[in-house]
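Breakdown of the fold
Here is what each chain is made of, one letter per residue.
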Amino acid sequence: LIPRLDVGEDGTAALVWSRSNGLNTIAQASVREPGKSFSAPVDLSAVGQNATNPQVVVSQDGSVTASWTRFNGTKTVIQSRTRPPAGTFGGVSTISLIANHADYSQLASAPDGTVTAVWRQFDGLNTLVLAATRPTAGNFGSSTVLSTFGKDADPPQIAASAQGVMTAVWPM
């Protein structure tokens, strides 16, 4: 239930957290555009199953991308929603593979607005680190395995350089 905050270069601030709605834990967000107050909370995750560990990144142009871990009734998956500058959050997309449990997502944004997500996912034998990238005006693409097959990986971290180079690290 730890809140996460990020502030973009344009001054847009975004805050995400999870809270109980009485039945389930849901992921929520509030955004503050430059010179304004924080918005009323917005439910990011669908009701009906628990959503935890929300993360957020604000791109240079003020677009906001949030991710969280959600139980889909069978497995935990990583889901995401994006809000364009001065807009509203779009639909939910599942960015992890649905076949096995996923958790511990992290986000980073390059200067051009490209967002990369990293997370841990069980492959049936080991826990791997995967990544997927969303272009500025698009959806997250297919995931790529970053860690070594046959070895367990711990939760990853990711950062973007001023030149847009994404670097992910994780303990093994």
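Look a little higher up for the structure.
To keep things clear, this report deals only with the structure shown in the data block. (Residues numbered from 1 in each chain as written. Predicted model: local features only at pLDDT ≥ 70, side-chain atom pairs only at ≥ 80, totals over all residues. Heavy atoms only, no water.)

Here we take up the overall build of the chain. Counting its secondary structure elements, the chain contains zero helices and 14 strands. Listing each helix as α and each strand as β along the chain from the N terminus yields β-β-β-β-β-β-β-β-β-β-β-β-β-β. In terms of C-alpha radius of gyration, the chain reaches 15 Å, essentially the compact-globule figure of 16 Å for 172 residues. Principal-axis analysis of the C-alpha atoms places the extent of the chain at approximately 50 × 45 × 25 Å. For the chain, with 172 residues in total, the buried portion stands at 42%. Looking at the chain alone, contacts between residues at least 24 apart form 39% of all its contacts between residues at least 6 apart. (Helix = DSSP H or I, 4+ residues; strand = E, 2+ residues; numbered from the N terminus. Rg over C-alpha atoms; globule rule 2.2 N^0.38 Å. Buried < 20%, exposed > 50% of the residue type's maximum accessible area, 1.4 Å probe, protein only. Contact = heavy atoms within 4.5 Å.)

Enumeration according to the criterion identifies three salt bridges in this entry. One salt bridge connects Lys 36 with Glu 33, and the closest N-O pair in it is separated by 3.3 Å. In this structure, Glu 33 and Arg 83 form a salt bridge, with 2.6 Å as the shortest nitrogen-oxygen distance. With Glu 33 in the loop between strand E3 (25-32) and strand E4 (42-43) and Arg 83 in strand E7 (residues 76-83), the pair connects residues that are 50 residues apart, well separated along the chain. In this structure, Glu 33 and Arg 83 share a single accessibility class: buried. Each of the salt bridges in this network shares a partner with another, and the network as a whole consists of Glu 33, Lys 36 and Arg 83. (Salt bridge = Lys/Arg side-chain N within 4 Å of Asp/Glu carboxyl O.)

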